[in-house]
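Single-letter residue listing:
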Amino acid sequence: MEFNPAELSQQDRYKLMIGAIVPRPIAFVSTCDAQGRANIAPFSFFAGVGSNPMTLLFCPANTPEGTEKDTLRNCKLAADGGLGEFVVNTVSAAYARQMAACAEPLAFGESEFAFAGLTTAASAVVRPPRLAEARVSFECRTLQVVRTNPGQPGGGNIVIGEVVHVHAGDGVVNERLHVDPAALDAIGRMGGMAYCTTRDRFEMPMGKAALATPGR
Ligand SMILES: Cc1cc2nc3c(=O)[nH]c(=O)nc-3n(C[C@H](O)[C@H](O)[C@H](O)COP(=O)(O)O)c2cc1C
């Protein structure tokens, strides 16, 4: 089958993306507004960018009305009316349901933390709180927001942030800075309402050595 995105509805383009770009890690992004009111929401259009400086990105799309989601309103650059800061918290299986509950569209200023029964903890460097339950939290300053279709429903926004502080729970990272995947117990998002765990893992070398290794 061949598809021309220009001939598909926005909903069908979205379905192809979320079904085929899998598994996706989930950034559970905490922000706050100028009054310090906290917000947290999951975003699976999420990736690392580089390690010098340490940067990552996530993509809060425009709402069906073409407006900005609360997370973007809060974390966009100060010159654009935001606070310019956010925290990316990892998502473990233990609080998967609370994470999904935070996709509820609450009124601006109403906290998903309280709504879902999650706990805030003070961040070390930025104003938005981190998620106390998170095994790893990346405190970020917004470097840039790239908008692919401002004001239009489903238009994308890429928020690029520089990580200015990392918090890891006890037993998650060893002295060589290796993250224990079992302790992290991350979940990922698949198509539709489906998720996956990271409990089935395998190892292999890179490059030509990968071909010489028996296994999968
Ligand atoms: C697992 C999961 C992943 C999601 N990923 C995205 C995403 O990448 N981009 C997006 O715009 N919305 C995504 N959503 C929907 C947002 O979380 C939802 O619109 C939320 O209400 C936004 O909150 P806010 O208005 O407080 O920013 C996702 C929802 C779930 C449950």
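Residues numbered from 1 in each chain as written. Predicted model: local features only at pLDDT ≥ 70, side-chain atom pairs only at ≥ 80, totals over all residues. Heavy atoms only, no water.

Attention shifts here to the side chain of Arg130. By the element assignment, Arg130 lies in strand β8 (residues 130–131). No salt bridge forms around the buried Arg130; measuring N to O, its nearest opposite-charge neighbour Glu139 is 5.3 Å away. Within polar-contact distance, the side chain of Arg130 engages the side chain of His167 at 3.3 Å. If we ignore the near neighbours within four places in the chain, the residues touching Arg130 are Ser30, Val87, Asn89, Phe113, Thr119, Thr120, Ala121, Ala122, Ser123, Ser137 and His167. (Helix = DSSP H or I, 4+ residues; strand = E, 2+ residues; numbered from the N terminus. Buried < 20%, exposed > 50% of the residue type's maximum accessible area, 1.4 Å probe, protein only. Lys, Arg positive; Asp, Glu negative; His and termini not counted. Salt bridge = Lys/Arg side-chain N within 4 Å of Asp/Glu carboxyl O. Polar contact = N/O pair within 3.5 Å; in protein donor to acceptor, adjacent residues only side chain to side chain. Contact = heavy atoms within 4.5 Å.)

On the surface, Met1, Phe3 and Leu16 cluster together to form a nonpolar patch covering roughly 380 Å² of accessible area. Note that Met1 resides in the segment before α1 (10–20). (Patch = residues over 30% accessible without salt bridge, like charges linked within 9 Å, V, L, I, M, F, W, Y side chains within 5 Å. Areas by Shrake-Rupley, 256 points an atom, 1.4 Å probe, with all protein chains shown as cover.)

What follows deals with the pairing of strand β3 (residues 38–43). Within β3, 5 of the 6 residues are buried, which leaves the element mostly enclosed by the surrounding structure. Here strand β2 (residues 27–32) runs beside β3; their pairing, made up of 6 bridges, is antiparallel. Across the sheet, residue Thr31 finds its bridge partner in β3, namely Asn39. Here β2 hands over to β3 after 5 residues, with Gly36 in that stretch at a positive phi of 85 degrees. (Pairing = 2+ DSSP bridges.)

To continue, consider the confidence of the model for the protein. Per-residue pLDDT for the protein has a mean of 96; in total, 99% of the residues score no lower than 70. When pLDDT is averaged over each helix and strand of the protein, the minimum, 93, is found for helix α6 (residues 209–212) and the maximum, 99, for strand β5 (residues 54–58). (pLDDT = per-residue confidence, 0-100.)

In spatial order, the strands read β1-β11-β12; together these 3 strands make up an open sheet with antiparallel pairing. Of all the strands in the sheet, just β1 (24–25) and β12 (195–197) have a single pairing partner and so form its edges. For strand β11 (residues 187–189) and β12, the ladder comprises 3 bridges, and the chain directions are antiparallel. Each residue of the ladder has a partner; that of Gly188, found in β12, is Cys196.

Strand order in the open sheet made by the 7 strands is β3-β2-β6-β9-β10-β5-β4, with antiparallel pairing throughout. Both outer strands of the open sheet, β3 and β4 (46–51), are each paired with one neighbouring strand and no more. In this sheet, adjacent strand axes meet at a mean angle of 30 degrees when their direction is disregarded. Of the pairings in the sheet, the one linking strand β6 (residues 85–89) to strand β9 (residues 136–147) comprises 5 bridges and is antiparallel in character. Looking across to β9, one finds that Asn89 is bridged to Ser137. (Axes fitted to C-alpha atoms, helices over the stretch in contact; angles between N-to-C directions.)

The pairing of β5 with strand β10 (residues 157–168) spans 4 bridges and is classified as antiparallel. Pairing of Thr55 across the sheet is with Glu162, part of β10. Pairing between β9 and β10: 11 bridges, direction antiparallel. Counterpart to Arg141 in the pairing with β10 is Glu162.

So, on to the site of the ligand. Taken together, 19 residues lie around the ligand, and Pro42, Ser44, Ala61, Lys69 and Thr71 are the ones closest in. One nitrogen or oxygen atom from the main chain of Ala61 is found 2.8 Å from an oxygen atom belonging to the ligand. Between Lys69 and the ligand, the recorded distance is 2.8 Å, taken from a side-chain N or O atom to an oxygen atom. Contact with the protein chains removes 87% of the 650 Å² of surface that the ligand exposes when unbound. (Near = heavy atom within 4 Å.)

This brings us to the pattern of salt bridges. In this structure the tally under the stated criterion is 8 salt bridges. In this structure, Lys15 engages Asp12 in a salt bridge whose closest nitrogen and oxygen atoms are separated by 3.2 Å. Of this pair, Lys15 and Asp12 are both found in helix α1, 3 residues apart, which corresponds to roughly one turn of the helix. Residue class for Asp12 comes out partly exposed when judged on its relative accessible area of 30%. Through salt bridges that share partners, Glu68, Lys76, Asp80 and Arg147 make up one connected network.

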